[in-house]
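# Reading the structure
The chain contents come next:
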Amino acid sequence: MATSADSLGEHGIIDLLRRHLVLMPNMVVPFGDDVSAVPIGNGEVAVLKTDMLVAKTDVPAKMSLCNAARKAIVMNVSDFASKGVQPIAVLVALGLPKDLATQRAVAEIADGLNAAAREYGAYVIGGDTGETGDLTISIFMYGQAKQNALMLRNGAKSGDILAVTGLFGKSAAGLRLLLDENCVVSSEMRLALESAVLNPHARLVEGLALSKSGCVSASIDSSDGLAWSLYELMHMSGVGFTVETLPVAVEAVAFAEQNGLNVESLALYGGEEYELVLTVNPQKWETAKAAVEAVGGNLIAIGKVTMEKQVILLANGKKRCIEPCGYEHFKAPL
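Residues numbered from 1 in each chain as written. Predicted model: local features only at pLDDT ≥ 70, side-chain atom pairs only at ≥ 80, totals over all residues. Heavy atoms only, no water.

This paragraph deals with the overall build of the protein. For the protein, the helix and strand inventory stands at eleven helices and twelve strands. The C-alpha radius of gyration of the protein comes to 20 Å, within 12% of the 20 Å expected for a compact globule of 334 residues. Summarising its shape, the C-alpha atoms of the protein cover approximately 55 × 55 × 50 Å along the three principal directions. Pairs at least 24 apart in sequence give 83% of the contacts found in the protein among residues at least 6 apart. In the form shown here, the protein has an accessible surface area of approximately 16100 Å², with 54% of it arising from carbon and sulfur atoms. Computed over 27 positive and 37 negative side-chain charges, the inter-centroid distance for the protein is 4 Å. (Helix = DSSP H or I, 4+ residues; strand = E, 2+ residues; numbered from the N terminus. Rg over C-alpha atoms; globule rule 2.2 N^0.38 Å. Contact = heavy atoms within 4.5 Å. Areas by Shrake-Rupley, 256 points an atom, 1.4 Å probe, with all protein chains shown as cover. Lys, Arg positive; Asp, Glu negative; His and termini not counted. Charge placed at Lys NZ, Arg CZ, Asp CG, Glu CD.)

What follows is the structure, given as C-alpha cells:
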C-alpha cells in the first residue's frame, strides 16, 4: 500500500480523498473531470473550479508577480475552456509571505489577476488574504452553462477523430531554457519559448465555439501534458488512442535538435501547454473545424479513438506505447 507522498503522488492523494467522501448523488459532472457542477434548474448548471498556484512548484525564477497571478487565472480558465463554459466570477485566496506583503508586490499581483480575468470575460469579486510561508494564489472560478452543452471527458467513441487546438513542446522547451543557462538557442527562439512559460494563454474562444457546435464527444485541458491527458480520457471514456501525427511545434523541434533532447518527450510529457485535447465524430469533423477557425483558432487532427484501452504512437511505420507520464505534484520530476 502506498503511504508516502512520493508513492501516492497528486492523483493518488485525490483518489484517497475521494474514497473518504460521501459523493453527491447524481453528479452532473463525474468526480475527476476538469470542473465540477451543480444543477440550478431549467437545464442549467453552476460550473465550479478551483486550482492553486504555489511559487515553489509553479513559478520559475524569471516569472514576475504579475505573470504569476495571471497564470493562476489562466490555469482555471483552461479547465473552463475544455468544458466549453464562459467564466463569470473569480474568488481569490491569496497567501503572502511577509516579505511580499508590500504595496508594490500586492499591486502587481492585483494587476495580473485583473488583467487575466478581464481578458477572458470574468471579474474578480472577492476572496481572502493571509500570511503563508510561500506565495500561494488559490482561485475559485464560477460560471453557468446548459447541462447538455458540457464537453465532458467520458464520451469518446471508437472511430472518433482525436484532435488538439495547438502544437506542443514549446512550454517544456521554455522551462528547460529558463532553468539551464547553457542551452543553445537564438534570441528569437528564446523569446518564443520563454513566453510559452511566462505568458500562457487558455483556449477559451475555441472551447466555447466547440461547445456551441455540438460536435465534441470528449474534451480535456492538457495542462498535465499531452500523454497524461490521453490517459485521463482513456480511463474516463473506456477507449484507447492511436496518435498518427505528433503535434510538435517547430520551435520545440529546433530546440531539441540544438540541445540533444528528445523532441517526442518535449511534446508528450512537458505539460502546461493549456491546449484542448478532444474527440470528434468523423461525420461532424468539418463542422467542428470550421467553428474553431471562425473564431481565429486551429483544430488539428492527430489520430483516432480505438476500442483497445491503450495509447499508441504510430511513427515511421512502427507502433509503440506512449507511457502514462506527465507532471504530477509530490512525485520527483522525470
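Anyway, onward from the coordinates.
Of note, L179 is situated in helix α5 (residues 170–179). The spacing of L179 and P60 is 119 residues in sequence and 7.9 Å in space, taken between C-alpha atoms.

This next bit is on the pairing of strand β11 (residues 311–315). Looking at chain direction, strand β8 (residues 240–243) and β11 are connected through three bridges and run parallel. From the neighbouring strand, V243 faces β11, where its bridge partner is L313. As consecutive antiparallel partners, β11 and strand β12 (residues 318–321) are separated by two residues, and within that stretch N316 has a phi angle of approximately 55°, a positive value. (Pairing = 2+ DSSP bridges.)

This part covers the packing of helix α3 (residues 65–83) against helix α4 (residues 103–119). Remark: α3 packs on α4, axes separated minimally by 7 Å, with the N-to-C direction vectors making an angle of 40°. By crossing handedness, the relation of α3 to α4 is classed as right-handed. Each of L65, C66, A69, R70 and I73 in α3 lies in contact with α4, whose residues at this interface are A105, E108, I109, D111, G112, L113, A116, A117 and E119. Among the residues making up the contact of α3 with α4, the classes are represented as nine nonpolar, one polar and four charged. (Axes fitted to C-alpha atoms, helices over the stretch in contact; angles between N-to-C directions. Left-handed = near helix turned anticlockwise from the far one by under 90°. Nonpolar A, V, L, I, M, F, W, Y, C, P; charged D, E, K, R; others polar.)

The five strands lie next to each other as β1-β2-β5-β3-β4, forming an open sheet whose pairing is mixed. In this open sheet, the two strands that pair with only one neighbour each are β1 (36–41) and β4 (123–131). On average, each strand axis in the sheet is tilted by 20° relative to the strand beside it, whichever way the strands run.

So, about helix α8 (residues 226–237). Since the α-helix turns once every 3.6 residues, residues separated by three or four places project in the same direction. Between its first and last C-alpha, α8 extends 16 Å over twelve residues, near the 16 Å set by a 1.5 Å rise per residue. Taken across its twelve residues, α8 has ten buried, putting it largely inside the fold. At the C-terminal side of α8, G238 shows a positive phi close to 70°. (Expected span 1.5 Å × (residues − 1). Buried < 20%, exposed > 50% of the residue type's maximum accessible area, 1.4 Å probe, protein only.)

Relative to the helices and strands, T242 resides in strand β8. Among the residues examined, T242 registers a relative accessible area of 10% and is labelled buried. Beyond its immediate stretch of four places on either side in the chain, T242 contacts I302, G303, K304, T306, I312 and L314.

This part is about the packing of α5 against helix α6 (residues 187–198). To describe two helices that pack against each other, one gives the angle between their axes and the distance between the axes. At their nearest, the axes of α5 and α6 sit 7 Å apart, and the two run at 100° to each other. It follows that α5 is roughly perpendicular to α6 by the angle criterion. Side by side, α5 and α6 meet where K170, S171, A173, G174, L175, L177 and L178 of the first sit next to R190, A192, L193, E194, A196, V197 and L198 of the second. Among the residues forming the contact of α5 with α6, the class breakdown is nine nonpolar, two polar and three charged. (Parallel < 35°, antiparallel > 145°, perpendicular 65-115°, else oblique.)

For the rest of this paragraph, the subject is the pairing of β1. Every other side chain in a regular strand lies on the same face of the sheet, so the side chains alternate between the two faces. Bridge analysis of β1 against strand β2 (residues 44–54) gives five bridges, and the strand direction is antiparallel. Along β2, the bridge assignment pairs S36 with L48. Following β1, the chain reverses through two residues before pairing antiparallel with β2; N42 in that reversal takes a positive phi of roughly 55°.

With that out of the way, let us pick up unusual backbone geometry. At N42, a position not held by glycine, the phi torsion is positive, near 55°. Here N42 lies in the loop between β1 and β2. Judged by relative accessible area, N42 falls into the exposed class, the value being 76%.

Between its first and last C-alpha, α4 extends 24 Å over 17 residues, near the 24 Å set by a 1.5 Å rise per residue. The inward-facing, buried residues of α4 abut α3, β3 (87–96), β4 and β5 (136–146). G121, located one to two residues past α4, shows a positive phi value of around 80°.

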